[in-house]
Amino acid sequence: MSEEFPRYRFKELDAADALAGLRDRFVVGDEDLIYLDGNSLGRLPAATPDHLARLVREGWGGQLVQGWPSWIEWARRIGDRLAAHALGARPGEVVVSDSTSVNLYKLAAAALDAAGGRRTVLVDAEDFPTDRYILQGLAEARGLTLRMLPTDLDEGLDLATLRAALDEDVALVVLSAVSYRCGALLDMAAVNDAVRQVGAHVLWDLSHAAGSVPVELTATGADLAVGCTYKYLNGGPGAPAFLYVRRELQERLRQPIWGWFGQRDQFRMGPAYDPVPDLDRFQVGTPPILGMAALDPALDVLAEAGIDRVRDKGRRLGEAIVTLADAWLTPYGFSLASPRDPDRRGGHVSLHHPEALRISRSLAAEGRVVGDYRAPDRLRLGPAPLYTRFVDVWDAMDRLRDIVARRSYERLSGDPSRVT
Ligand SMILES: *Cc1c(COP(=O)(O)O)cnc(C)c1O
């Protein structure tokens, strides 16, 4: 069976893979479970438990408050590491802070405050919900117009749609570099250029891009960005997010949450808010040191791999999913729900099937393959090049084919659950 794509060929790809050895740098508790959800929550790096245990014991336990002179630099120190290894930004442009949702609010509000009389905000109608909700709230509070750009669910935003919506009333454009649902990868340089021509700013959400594709914030002329660290960056559940503000904009923008970590001479405890004239003004309160610390061992692995090699392997893993889906799953009613061109796709691939919810449950329970379901009818598969093998893709697709061939998902419930 399956002579056209024999399993041993995928083993050969692993044998030739320059990143193959890095899988051992992650905890893989159950070798039979295939994890294709690294775009939702990355695996635990093997060095992280001891690193955190030591910080808890020696830092918190031993140094107590005397740890702060060092810890207080970590948001910027780790931000610089993210800038260097994942984001293509300069030192002093990225800081670890709050959650992606909160950072989006902070930077969107800062950009809107600096936008003069412009009254329109543009967002991808299919963007991640928190991005749309936060902009709805800002637009409502300020009496602005939020325009939802119509977007193809499988192909992502068409640049022509964006261009047609741009005019001198646009203050801000919020877009994801990689779409959370279909994985469409936007041309960030082209978007930045088009939006700059009408005098507006782009606020990028890099949640599904960071640690998966080389982002190149400086080279593409990006002004503002936010993103998660618990997805491809492997920072752990609820790890703090990052934000980026182009150096030249930092002093001109003011964010709306006036906390003491943004204050000039913070420990003088002065009477009135007077923000630092650099990136620190985008911080708010005491940073979560324990959560942030998990990023160091995770970034060690990414730095060793190099984001270009991660991208190269990620593209080939994605191509393997598409090839096997075309060959094995089309007869069972699946179709590709992501851009077919690998240059227009980030790290994950979505497949459309009317029974995607039950199939994804059956795939996890019976097939022991963890992907996820995304509304309305997509099965999302997110291989992570640092620890996913080519043979994992083969096995996952083989198990998926088996489940749909036997229709074993029909025994499962299609009821909604709190988390998908
Ligand atoms: C995962 C994700 C988020 C999550 O935001 P949180 O504040 O961490 O819950 C936001 N935006 C996008 C595009 C995402 O993919």
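These remarks concern the structure in this document. (Residues numbered from 1 in each chain as written. Predicted model: local features only at pLDDT ≥ 70, side-chain atom pairs only at ≥ 80, totals over all residues. Heavy atoms only, no water.)

**Considerations on the overall build of the protein**
The criterion, for reference: The helix count covers DSSP runs of H or I at least four residues long, the strand count covers runs of E at least two residues long, and both are numbered beginning at the N terminus. We take the radius of gyration over the C-alpha atoms and set the globule estimate at 2.2 Å times the residue count to the 0.38 power. Categorising residues by exposure relies on relative accessible area from a 1.4 Å probe, with only protein chains included: less than 20% of the type maximum marks a residue as buried, more than 50% marks it as exposed, and the intermediate range marks it as partly exposed. The contact rule is simple, with two residues in contact once any of their heavy atoms fall within 4.5 Å. Accessible surface area values rest on a Shrake-Rupley calculation with a 1.4 Å probe, where residue burial reflects the displayed protein chains alone.
Along the backbone of the protein there are 13 helices and 13 strands. Its C-alpha radius of gyration of 22 Å places the protein within 12% of the 22 Å reference for a compact globule of 420 residues. Taking the principal axes of the C-alpha coordinates as reference, the protein spans close to 75 × 55 × 40 Å. For the protein, with 420 residues in total, the buried portion stands at 57%. Considering only contacts in the protein between residues 6 or more positions apart, those separated by 24 or more positions represent 73%. Split by element, the accessible area of the protein, about 17,500 Å² in all, is 52% carbon and sulfur.

**What to know about the sheet that holds strand β5 (residues 170–176)**
The condition is simple: Think of it this way: DSSP has to see at least two bridges between two strands before they count as a pair. Helix axes are fitted only over the stretch in contact, all axes being lines through C-alpha atoms; the angle between N-to-C directions runs from 0 to 180 degrees.
Read from one edge to the other, the open sheet built from seven strands follows the order β2-β8-β7-β6-β5-β3-β4, with strand pairing classed as mixed. Each end of this open sheet is capped by a strand with a single partner; those strands are β2 (94–96) and β4 (145–149). Looking at each pair of strands side by side, their axes are set apart by 20° on average, direction ignored. Seen against the sheet, helix α4 (residues 74–87) touches β2 and β8 (242–245) and runs at an angle of roughly 125° to β2. Across the sheet, helix α5 (residues 100–113) is in contact with β3 (120–124), β5, β6 (201–205), β7 (224–227) and β8; its angle to β7 comes to roughly 165°.

**Quick word on the nonpolar core**
We count it as follows: The set of buried Ala, Val, Leu, Ile, Met, Phe, Trp, Tyr and Cys residues whose side-chain atoms join them within 4.5 Å is what this entry labels a nonpolar core. An automatic or database domain assignment provides the domain bounds reported here.
With 93 residues, the main nonpolar core has Leu 87, Leu 162, Trp 204, Leu 206 and Leu 217 as its most contacted residues. Split by domain, this core shows at least three residues from each of two domains, domain 1 (7–46 + 306–411) and domain 2 (72–303). Contact partners of Leu 206, with chain neighbours within four places excluded, come to Leu 87, Ala 177, Met 188, Val 215, Leu 217, Ala 225, Val 226, Gly 227 and Phe 242. If you look at the next biggest cluster of nonpolar residues, it comprises 30 residues, including Leu 324, Leu 379, Trp 394 and Val 404.

**Structural notes on the pairing of β4**
Rules: Seen with its strands pointing away from the viewer, a crossover is right-handed if its path from the first strand over the helix to the second goes clockwise.
Across five bridges, the pairing between β3 and β4 is parallel. Residue pairing across strands places Val 123 opposite Met 148, the latter belonging to β4. Since β3 and β4 lie parallel, the crossover through helix α6 (residues 129–142) that links them has a hand, and here it is right-handed.

**Quick notes on the environment of Ala 46**
The residue Ala 46 is located in the loop between β1 (34–35) and α2 (48–63) in this model. The contact partners of Ala 46, leaving out residues within four places of it in the chain, are Asp 24, Arg 25, Phe 26 and Val 27.

**Overview of the site of the ligand**
Where we set the bar: Note on definitions. A residue lies near a molecule or strand when any single heavy atom of the residue is within 4 Å of it. Two N or O atoms count as a polar contact when they lie within 3.5 Å, although within protein this holds only if one can serve as hydrogen donor and the other as acceptor, and sequence-adjacent residues are included solely when both atoms are side-chain atoms.
Around the ligand, the surrounding shell holds 13 residues, and the nearest of these are Ser 101, Asp 205, His 208, Tyr 230 and Lys 231. For the ligand, an oxygen atom lies 2.9 Å from a polar atom in the side chain of His 208. Protein chains shield 86% of the accessible area of the ligand, which is 390 Å² for the free molecule. Elements with a contribution of two residues or more to the shell around the ligand: α5 and α6.

**Some details on the sheet that holds strand β10 (residues 349–352)**
On the basis of which strands lie adjacent, the open sheet formed by four strands has the order β9-β10-β13-β12 and antiparallel pairing. The sheet terminates laterally at β9 (335–336) and β12 (372–374), the two strands that pair on one side only. Pairing between β9 and β10: two bridges, direction antiparallel. For Ser 335, the partnering residue across the bridge sits in β10 and is His 352.

So far we have only geometry, and geometry alone does not tell us how the molecule works.
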